[in-house]
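This is what each chain is made of:
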Amino acid sequence: MGSQSNAAIDHTRLKVRFLPLTNSIWAFYISLMIVLVFIVFSPEKFLHWFVFPVILCGTIIGTDALKWFGRQVDLFDPVGIIGVYGFYFFFLTPLLHTYYDYWMPFTGINHPPDWRDWVGFMAVLNLLGLFGYKIITRTRYRINISNRKVWIIDDRIFWPLLLSALSITFGLQIAIYAQFGGLAGYIAAFEEGIGSFRGWSIWFTISESFPVLLFMGLIVLGKRKRLLSKWFAIVVLLCVFFLLKLLFGGLRGSRSEVIFAMAWAVGTVHFALRPISRKLLYAVMMIVLIFMYLYGFYKGVGSEMIHIFTDEVSLSDLERRTGRDIKSLLLGDLGRADVQAFLLYRIIEVKDYEYAWGRTYLGTAALLIPRQIWPDRPPTKVKEGTEAQYGMGSYVPDLFQSSKVYGIAGETMLNFGPWAVPLAFLLWGFVVKYVRSYVYSLNIDDARRLIAMWLVIFCWSVLISDTDNLLFFVIKRVTIPLLILWMGTKKVGSR
């Protein structure tokens, strides 16, 4: 599937713009200049040793970011995407936390005497991990495609199967709305609290697949109907898809449901229909950030947030009421610097925590067994995360528990301690390298290009999410589309 220009991309032919200096030198120079700006504006905060490992983190991951901006890698290459986001995650967020003195809120516990020490120690762990990640992702690895089967859409099976799936998912969503008393009742259930939707996960997994399955079908049609492959039609389809995702999952408070789906839709156009321009991608990224900011108010006050459009309430009022502002979005939702630094402080300095030794991963695996069958199944990282923050024995299911997300480094520390973090980054590097090789080895006519972007998003999610989030990601977003493609395609020899 996809045009010839969108086939396996020869990275050696892509433009190199950061010459004569290498990307590494440029990354170090840019990181150093940014830190110097922070020092000029706030010397009392940044004349501290923590900036040195932070600069080195920016240098290592910044090389991949410069490859992306310099068009040395494809627009949706997981290494490039992680490079761009990683420069923000590993380099900018520690500096911004320090500059604004913005740290995770605490109730009943003491914060570190000097946050910079623990941000610096965490940067050292990240630095060691990034060395390993870079070594793994830079080594050449090619999947043998000589004997690989190509999945080709079988019209006799694919279209009846897709139409049946669309009918089932759409009808189920209507039934769900009816069960909650209509759209207004559905929103009211969200406003009552998270417990209102308990037991509905399996039904949401099925019903909320409707927009993704519909978009898949439209992409397949777009390869055959030139009208659907024109930019105007693509933009319209993306807008419609966005609105559908609001109705199919977005209104129950799941911001990631909409954001991940939009990222998948844009990437799928790129992989399976025609290459996406950078201008369109930048526009989508800006819209997503605005959506995340506004949607934070919906998570905080529900339907009351519509009053900002009628001038009955201002954005500043909602920020005060909900505690959700630009800083909470950029540093709380999109970063983990303070959470991970605090875990490190509690584990090393306070020492009121016992390592889980893999229990959080066992809790994730146990999610595959319904609670009706295994009522006392082990908890996920929620127990260990709560006790790491508040002390052993503080976790009380459904009454007192932390909802923090810790990322790959944070969950690794909960299980095995700080020095296991570099090993976790090595495993992450193998995942990224395999996905990168797999995606770019797919034949241009292979239907699996329709789900390739989910694999790219998964690589990014490993950095910022926990294993229970990742399991949910795979089951919720990949399982049904993959099943439709597996059943609705012919497996033929490589072309």
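Residues numbered from 1 in each chain as written. Predicted model: local features only at pLDDT ≥ 70, side-chain atom pairs only at ≥ 80, totals over all residues. Heavy atoms only, no water.

S.K.: What is the right way to look at the pattern of salt bridges in this model?
M.R.: A side chain of one charge can pair with a side chain of the opposite charge when the charged atoms of the two come close. Counting across every chain of the model gives 17 salt bridges. Across the pair Arg224 and Asp155 runs a salt bridge, and its minimum N-O distance is 3.0 Å. A residue pair is termed long-range when its members are at least 10 positions apart, and Arg224 in the loop between α9 (210-222) and α10 (231-247) and Asp155 in helix α6 (residues 155-179) qualify at 69 residues. The class for Arg224 is partly exposed, based on a relative accessible area of 44%. For the salt bridge of Lys476 with Glu257, the shortest nitrogen-to-oxygen distance reads 2.8 Å. (Salt bridge = Lys/Arg side-chain N within 4 Å of Asp/Glu carboxyl O. Helix = DSSP H or I, 4+ residues; strand = E, 2+ residues; numbered from the N terminus. Buried < 20%, exposed > 50% of the residue type's maximum accessible area, 1.4 Å probe, protein only.)

S.K.: Help me understand empty space enclosed by the protein, please; the structure alone is not making it clear to me.
M.R.: In this approach the atoms are scanned with a rolling probe the size of a water molecule, which exposes any empty space left behind. For the structure on display, the rule yields three cavities of 30 Å³ or more. Lining the largest cavity, in full, are Val54, Phe89, Phe90, Thr93, Pro94, Val119, Met122, Ala123, Asn126, Arg336, Ala337 and Gln340. Counting residues per element, the ones that place at least two in the lining of the largest cavity are α4 (78-100), α5 (115-138) and α15 (337-350). The class makeup of the residues in the lining of the largest cavity is eight nonpolar, three polar and one charged. Put simply, the second largest cavity is a space of about 80 Å³. In terms of lining, the second largest cavity is formed by Glu208, Ser209, Val212, Lys245, Glu257, Ala261, Trp454, Lys476, Arg477 and Pro481. Among the elements of the structure, α11 (255-272) and α21 (467-487) are those that each provide at least two residues to the lining of the second largest cavity. Sort the elements by how many residues they give to the lining of the second largest cavity and α21 lands first, with three residues. (1 Å grid on protein atoms, 1.4 Å probe; cavity = no way out; pocket = protein on both sides within 12 Å on 5 of 7 lines; lining within 4 Å. Points joined across faces, edges and corners; volume = space filled by probe spheres on them. Nonpolar A, V, L, I, M, F, W, Y, C, P; charged D, E, K, R; others polar.)

S.K.: Would you mind going over α21 with me for this structure?
M.R.: Residues that lie three or four places apart on an α-helix share one face, since the helix turns once every 3.6 residues. Taking 1.5 Å of rise per residue, 21 residues should cover 30 Å, and α21 covers 28 Å from first to last C-alpha, within 8% of that figure. Along α21, the sharpest kink reaches roughly 45°, centred on Val478 and followed within four residues by the proline Pro481. Of all the residues in α21, the buried ones are Asp468, Leu470, Phe473, Lys476, Arg477, Val478, Ile480, Pro481, Ile484 and Leu485. (Expected span 1.5 Å × (residues − 1). Bend = angle between axes of the 7 residues up to and from the residue.)

S.K.: Just to check I follow, could you spell out the side chain of Arg346 for this structure?
M.R.: Tracing the chain through its elements places Arg346 in helix α15. For Arg346, which is buried and forms no salt bridge, the nearest opposite charge comes from Asp352, at a distance of 4.2 Å. Residue contacts for Arg346: discarding those within four places in its chain leaves Lys351, Asp352, Ala388, Gln389, Tyr390 and Gly391. (Lys, Arg positive; Asp, Glu negative; His and termini not counted. Contact = heavy atoms within 4.5 Å.)

S.K.: Mind showing me how you'd approach a nonpolar patch on the surface here?
M.R.: Residues Trp49, Phe52, Phe121, Val124, Leu128, Phe131 and Trp419 make up a contiguous nonpolar surface patch of roughly 760 Å² in combined accessible area. Looking at the nonpolar patch element by element, the count peaks at four residues for α5. The topology assignment puts Leu128 in helix α5. By relative accessible area, Leu128 is classed as partly exposed at 41%. (Patch = residues over 30% accessible without salt bridge, like charges linked within 9 Å, V, L, I, M, F, W, Y side chains within 5 Å. Areas by Shrake-Rupley, 256 points an atom, 1.4 Å probe, with all protein chains shown as cover.)

S.K.: Can you help me understand the environment of Leu280 in this one?
M.R.: Mapped onto the elements of the fold, Leu280 is located in helix α12 (residues 278-301). For the pair formed by Leu280 and Leu32, sequence separation is 248 residues and the distance between their alpha carbons is 31 Å. Aside from chain neighbours lying at most four places away, what touches Leu280 is Trp231 and Val235.

S.K.: When you look at the pairing of strand β1 (residues 149-153) in this model, what are you seeing that I'm missing?
M.R.: Successive residues of a regular strand alternate their side chains across the two faces of the sheet. Along β1, four of the five residues are buried, which leaves the element largely enclosed by surrounding structure. Here β1 runs beside strand β2 (residues 489-493); their pairing, made up of five bridges, is antiparallel. Bridge pairing in β2 places Ile152 opposite Lys490. (Pairing = 2+ DSSP bridges.)

S.K.: Help me understand helix α14 (residues 326-333), please; the structure alone is not making it clear to me.
M.R.: By the burial criterion, the buried members of α14 are Ser328, Leu329 and Leu331. Contacts made by the buried residues of α14 are with α4, α11, α12 and α15. Where α14 begins, the capping side chain belongs to Asp325, and its oxygen is found 3.3 Å from the backbone nitrogen of Lys327. (Polar contact = N/O pair within 3.5 Å; in protein donor to acceptor, adjacent residues only side chain to side chain.)

S.K.: What am I meant to see in the nonpolar core here?
M.R.: Across soluble globular proteins, you tend to see nonpolar side chains buried next to one another. Formed by 142 residues in total, the largest nonpolar core has its most connected members in Phe215, Trp264, Trp428, Trp454 and Leu485. When neighbours within four sequence positions are excluded, Phe215 is seen to be in contact with Leu237, Leu238, Phe241, Trp264, Ala265 and Val269. (Core = buried A, V, L, I, M, F, W, Y, C linked by side-chain atoms within 4.5 Å.)

S.K.: Whenever I open this one, unusual backbone geometry confuses me. Can you help?
M.R.: Among all residues save glycine, negative phi is the norm, and among peptide bonds the norm is trans. At Arg71, a residue that is not glycine, the phi angle is positive and equals roughly 60°. Checked against the element boundaries, Arg71 lands in the loop between α3 (51-69) and α4. Judged by relative accessible area, which is 36%, Arg71 ranks as partly exposed.

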